[in-house]
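Geometric and topological summary
Okay, here's what each chain looks like letter by letter:
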Amino acid sequence: MAGRSADDDRSGTVVTPSAEFPPLTPAEVDALRRVGAHWRVGAPPALPVDPTLDRYRNHPAPGRFSRLAPIALFRPAPGAPAGRDGLVAAERADQPDSPLGRRLGRVRRVLLGPPLASAAVLHERMRKLVALPVLSSDLLSSVAYGPEALLTVLVLAGSGALGLALPLSAGLVLLMVAVGISYRQTIPAYPHGAGSYLVAGDNLGVRAGLTAAAGLMLDYVLTVSVSIAAGVHAITSALPGLTPFAVPLGVLVILLLLAGNLRGVRAAGNLFVLPTYAFVAAVLGLLVVGYLRAAGRGFAPVAPPVVPATQGLGLLLVLRAFASGAVSMTGIEAVSNAVPAFRTPEWRNARTTLAWMVAMLVVLFAGLTLLIHLAGLVPRPGETLLSQLARVTFPTGPWYAVVQVTTALILLLAANTAFNDFPRLLFFMARAGHAPRRFLHLGDRLAFGNGLVALAATAIVVFVAFGGHTEKLIPLYAVGVFLAFTLSQSGMVVHWRRHRGGGWRRRALVNGVGAVLSGLVLLTAAVAKFTEGAWVVVVAVPLLVLLFARIHRHYRTLHAALALRPPDRAPPPTAPGPASGPPGAPAGRSVEGEEVPQELRHLVVVPVVRLNRASMRALAYAVSLGRPTLAVHLAPEDAEADRFREQWRAWGDHVRLETIVSPYRAVVGPLAHYLEALHAAAPDLVLTVVVPEVVLRRPWHRLLHSRTGQRLRRALRALPGVVVTTVPVHVLE
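Here the structure is a predicted model, which means the values were calculated and not measured. (Residues numbered from 1 in each chain as written. Predicted model: local features only at pLDDT ≥ 70, side-chain atom pairs only at ≥ 80, totals over all residues. Heavy atoms only, no water.)

1. Quick notes on the packing of helix α4 (residues 146-154) against helix α10 (residues 315-325)
Inclusion rule: Orientation is described by axes fitted as lines to C-alpha atoms, over the contacting stretch for helices, and by angles from 0 to 180 degrees between their N-to-C directions. Runs of H or I in DSSP of at least four residues are treated as helices and runs of E of at least two as strands, each being numbered from the N terminus. Each angle receives one of four descriptions, namely roughly parallel if under 35 degrees, roughly antiparallel if over 145, roughly perpendicular if within 65 to 115, and oblique otherwise. Note on convention: the crossing is left-handed when the near helix lies turned anticlockwise from the far helix by less than a right angle, right-handed when the turn is clockwise. Any two residues whose heavy atoms approach within 4.5 Å at even a single point are treated as in contact. Polarity classes work like this: nonpolar for Ala, Val, Leu, Ile, Met, Phe, Trp, Tyr, Cys and Pro, charged for Asp, Glu, Lys and Arg, and polar for all others, with Gly in that last group.
Here α4 crosses α10 at 165 degrees, and the two axes come no closer than 7 Å. Overall, the two elements α4 and α10 adopt an arrangement that is roughly antiparallel. α4 and α10 meet at a crossing whose hand is right-handed. Within the contact between the two elements, α4 uses Gly-146, Ala-149, Leu-150, Val-153 and Leu-154 and α10 uses Leu-317, Arg-320, Ala-321, Ser-324 and Gly-325. Of the residues belonging to the contact of α4 with α10, the class tally is 6 nonpolar, 3 polar and 1 charged.

Shown next, in the form of structure tokens:
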């Protein structure tokens, strides 16, 4: 298709379980090959066990600590030749060994379902009929509070100002169509998703992409908070007795949405199909009956109740009302972010779904706004405008309850759009190094569990902090989403000018109109609502951008430190950033630079507290490595040091012993500093610290023992040039 970028011909999707294991670049492969050429080792000795487990496959035996047969947990990989590497872990290999762990695993399986194999990722995608309610729930549900948000501001100028609702709504409809068409063009141009983040970053620069991502992330968090708050308000409008329990009820719904989405994309989609379609049907029924009643009186509007003005009608008030009504557009970018979640052809199915979403939004928003005007309704505390309209339209019968139930359901489930897109946005950011890499991980249900939990936790904090009040959250809402809209559409203008395909001027004009209109709403919302809470978003966006940049700098420095440097050439230039080693170490470089075996000089150090089976096993393991070995004992006073040296001589003095007196009775600190001093005396020396550890079978037994070994490992792990290994001794009782 004309206008698509060159990368779009790539088959498949970038959202795969292997994304957290990126392949080496050709340059890295070349460096790896050159490092391998410098390895000078003899022929490897024969392995004492068969790594393919074939010899023992017919003789599985459970271990003492587990009733599972360890060999039965693996099978040969498909196509792997006999006697060669290649095993596949069975589902049981993921099960924990402890009884408590197995019980928790069964509970988790009941709640979230059985694990899905990586090959099932293609079957977890959504068809259009499922994607429409899943991705449009946020967009369509906003018509339940968007018109009310607009009228709530206008009514401050008195009943006479309510007539401005119709022209303002017409402007909002124009904005919806313009932005919708703009995103329709974005989808085929960027069929791998990521929406505003990728478009802005690709065309306007990394900083613009991060700004769009920050705006979207705030929008997704507020989507969950506002949707849940509005849904709970719809419930309390019909059942006022539940008002004191609004906050706990909202938190419970967020947790239920989290559990539903942790079950996977397809399972979550099936849960949300019926409520969305039921809401659309209920509102369409409300519109049909409402307009039939209005036609019976010749479409003459009912005079609204007299409301005294509390503010003067001025340009600023009108702009505030327009920006408040614009929250009805939140969620319009959801499809462009989730293109990889569609079945093939992804971009075509996504574009069709977006067209239906925008058409339904325009019909519902315009229809409700005009019908509210004809019914002469005004916002009032304690009951939503949609609830008032349903009462007037259906004075008898069960239809009022139907409208309220479906409205509450879609408002509560509208947060699912954010649950679908927020983790996916974090995935793309983590892939570029702007977010923690743990967000690349697909859980056992092929859902981005880390991103889902992060969204739910943040949304709960915001929801509780604002007491679950919709009107307090609305001012925060428009700034982030229209910031992303503006940057995305501006980026698309640059995209069309850069590629200049067929019809690029027309496409650039469409996206340019979307950018200008979105920018006007952004400025209006930021200025008019600044003192009402929009300042929080204005401050939070640059702080988030700074955080993303620091994360990226860390990963860039880490990559430079871990990059292979073949011995036959000088180290490559390193990326700027803080030094990762001690003073004097080059920035971005690791102080451990050995890459071939002959470059390593070893000293094995064994901390010994007392001479028992654990320390003897650690000493035996250290000496078996065939490297120089040193034992170190820390004593609180000279008398104990002398006593230990006598015991050491009684053992036979097989290993050189160094005693350190610690008069302040500290163990971890003095030992760590001693090893650091050893390494400073011989910087080319690799210290391998062998720590004995007693492994207790029962968890509560750990409370009876000190955690010196774990503290020692944590302290030593931070020292450069030090390798820490543990020799466990298992206690069966």
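2. Observations regarding the side chain of Asp-421
Applied cut-off: Only protein chains enter the accessibility calculation, which uses a 1.4 Å probe; a residue is then buried when its area is under 20% of its type maximum, exposed when over 50%, and partly exposed in between. Charged-residue counts in this description rest on Lys and Arg as positive and Asp and Glu as negative, His and the chain ends being excluded. We count a salt bridge whenever a side-chain nitrogen from Lys or Arg sits within 4 Å of a carboxyl oxygen from Asp or Glu.
Within the secondary structure, Asp-421 sits in helix α15 (residues 415-431). Salt bridges are absent for the buried Asp-421, whose nearest opposite-charge side chain, Arg-424, sits at 5.0 Å. Setting aside chain neighbours within four positions, we find Asp-421 in contact with Leu-135, Tyr-220, Ala-334, Asn-337 and Ala-338.

3. With respect to the packing of aromatic side chains
To keep it simple, the criterion reads: For this analysis, a ring pair means two rings from Phe, Tyr or Trp (six-membered ring only for Trp) whose centres lie within 6.5 Å, classed as stacked if their planes differ by under 30 degrees, edge-to-face if by over 60, and tilted for the remaining angles. For a lysine, the NZ atom is tested; for an arginine, the CZ atom; a charge sits over a ring if that atom is within 6 Å of the ring centre and within 35 degrees of the ring normal.
In total, this model carries 6 aromatic pairs according to the counting rule given. When the ring of Tyr-220 is compared with that of Phe-422, the centres are 6.4 Å apart and the planes differ by 85 degrees; the resulting orientation is edge-to-face. Here the residue Tyr-220 occupies a position in helix α7 (residues 206-238), and Phe-422 occupies one in helix α15, the gap between them amounting to 202 residues. For Tyr-220, a relative accessible area of 1% puts it in the buried group. On the basis of relative accessibility, which here comes to 5%, the residue Phe-422 falls in the buried class. Geometrically, the ring pair formed by Phe-427 and Phe-428 is edge-to-face, given 5.5 Å between the ring centres and 80 degrees between the ring planes. A single burial state applies to Phe-427 and to Phe-428, both of which are buried. Feature note: the residues Tyr-183, Phe-482 and Phe-485 constitute an aromatic cluster, connected by ring pairs. Over the ring of Trp-496 we find Arg-507, and its NZ or CZ is 5.5 Å from the ring centre.

4. Let's talk about helix α20 (residues 613-624)
We apply this condition: Helices are assigned an expected span. That span is 1.5 Å times one less than the residue count. Read the arc as the range of directions from the helix axis to the C-beta atoms.
Compared with an ideal rise of 1.5 Å per residue, which puts 12 residues at 16 Å, α20 spans 16 Å between its outermost C-alpha atoms and is within 8% of the ideal. Buried residues of α20: Ala-614, Ser-615, Ala-618, Leu-619 and Ala-622, and no others. The buried side chains of α20 occupy one side of the element, clustering within an arc of 130 degrees when seen end-on. Projecting away from the buried face of α20 at angles above 90 degrees are the exposed residues Arg-613 and Ser-624.

5. Some thoughts on a nonpolar patch on the surface
We count it as follows: In this scheme, patches are assembled from residues that exceed 30% relative accessible area and form no salt bridge. Like charges are connected within 9 Å, while nonpolar side chains (Val, Leu, Ile, Met, Phe, Trp, Tyr) are connected within 5 Å. Using the Shrake-Rupley algorithm and a 1.4 Å probe, accessible areas are obtained, with residue cover drawn only from the displayed protein chains.
A contiguous nonpolar patch, built from Phe-530, Trp-535, Val-536, Val-538, Val-539 and Leu-543 and spanning about 510 Å² of accessible area, is present on the exposed surface. Assignment of secondary structure puts Phe-530 in helix α19 (residues 530-562).

6. Here's the deal with helix α14 (residues 399-413)
Taking 1.5 Å of rise per residue, 15 residues should cover 21 Å, and α14 covers 21 Å from first to last C-alpha, within 8% of that figure. For α14, the full list of buried residues reads Tyr-400, Val-403, Gln-404, Thr-406, Thr-407, Ala-408, Ile-410, Leu-411, Leu-412 and Leu-413.

7. As for the nonpolar core
Formally: Side-chain atoms within 4.5 Å are what join buried Ala, Val, Leu, Ile, Met, Phe, Trp, Tyr and Cys residues into a set we call a nonpolar core.
Core analysis: the biggest nonpolar cluster contains 145 residues, and Val-224, Ile-228, Ile-332, Phe-419, Met-429 and Phe-482 have the highest contact counts within it. Counting residues per element, this core draws most heavily on α7, which supplies 18 residues. For Val-224, the contacting residues outside a window of four places in its chain are Ile-254, Ala-415, Ala-418, Phe-419, Leu-455 and Ala-459. Counting 18 residues, the second-largest nonpolar core is a separate cluster that includes Val-689, Leu-712, Leu-716 and Leu-719.

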